[in-house]
Amino acid sequence: MTRSSQIIAGNWKMNLTLSQGREFVATLKSYLEKGSVSRRVLLAPNFTLLAELAGLCAGSGIMLAAQNCAPQESGAFTGETSVAMLKDAGASHVLVGHSERRQIFGEDDSLLCAKLGAVARAGLVPILCVGETLEQRREGRALEIVISQLQADLVEFTEGELIVAYEPVWAIGTGQTATPADASDMHAGIREFLLERFAFGREIPILYGGSAKPDNAAELLAQPEINGLLVGGASLRPETFWQIITA
Ligand code: 13P
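A word on the site of the ligand. Of all residues adjacent to the ligand, which total 13 residues, the nearest are K13, H98, G173, S211 and G233. N11 is positioned with one of its side-chain polar atoms (N or O) 3.0 Å from an oxygen atom of the ligand. For the ligand, an oxygen atom lies 2.8 Å from a polar atom in the backbone of G233. Isolated, the ligand exposes 310 Å² of accessible area, and the fraction of that covered by the protein chains is 95%.

Structural data, given as structure tokens:
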């Protein structure tokens, strides 16, 4: 497995309790022990599961991401969780700007830029999520929107590891997946931006997310610029998640 291996990431969102998470990881580890897998596996559980799952995942190759973080380093921010705390709990990656954060919690690009900076300064890997709404796609503005999100959120980012996740809002949790051709076109546009913006633009994995499932994973993963998947609903059961990992 190399740094360029495809990444299969599961975003559990606000699902799975600690005992369910433990059971999930035990099952996933048993699958991983049986078969050899060329893809990298990452889970993004809730904060309350991170430390415990980090212990269970140690040595298994399973990486852990937090789903969110505070932009501040520490202090009087009741209810917030700093990047240092996430790192201490065992996360190596942090999702930044998931569309649910943008849309439901009103997170704007300047906040996301600050969060991304906090993650990078702590030496963790940001997974920057971008994507257009259905209305924006119908208006023919999908690429423009995605590039403007990347520009704004990465304005202060100059070096370090980074992952981008393209998640069209209309495909998330709807069962309506982007066609491999549409996803591929968008990923090519994102790659072009990354190559222009960073000397290391070729090294940045671009994941696709939005109703990725066992029956569409292989076709999506066969597209040249799709370097992995960010899976929501289908990552909640180890059986279906494993089918995607091995698709
Ligand atoms: P679904 O796979 O449930 O559509 O969710 C995608 C997602 O939002 C992953 O971050």
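Let us now look at the side chain of S184. Relative to the helices and strands, S184 is located in helix α8 (residues 180–197). In contact with S184, not counting residues within four places along its chain, are Q223 and P224.

Turning our attention to unusual backbone geometry. Phi angles above zero are rare outside glycine, and K13 is one such case at about 55°. Note that K13 resides in the loop between β1 (7–11) and α1 (18–34). Non-glycine residue S211 carries a positive phi angle of around 55°. Tracing the backbone through its elements, the reader meets S211 in the loop between β7 (206–209) and α9 (214–221).

Reading the values: the criteria
Residues numbered from 1 in each chain as written. Predicted model: local features only at pLDDT ≥ 70, side-chain atom pairs only at ≥ 80, totals over all residues. Heavy atoms only, no water. Near = heavy atom within 4 Å. Polar contact = N/O pair within 3.5 Å; in protein donor to acceptor, adjacent residues only side chain to side chain. Areas by Shrake-Rupley, 256 points an atom, 1.4 Å probe, with all protein chains shown as cover. Helix = DSSP H or I, 4+ residues; strand = E, 2+ residues; numbered from the N terminus. Contact = heavy atoms within 4.5 Å.

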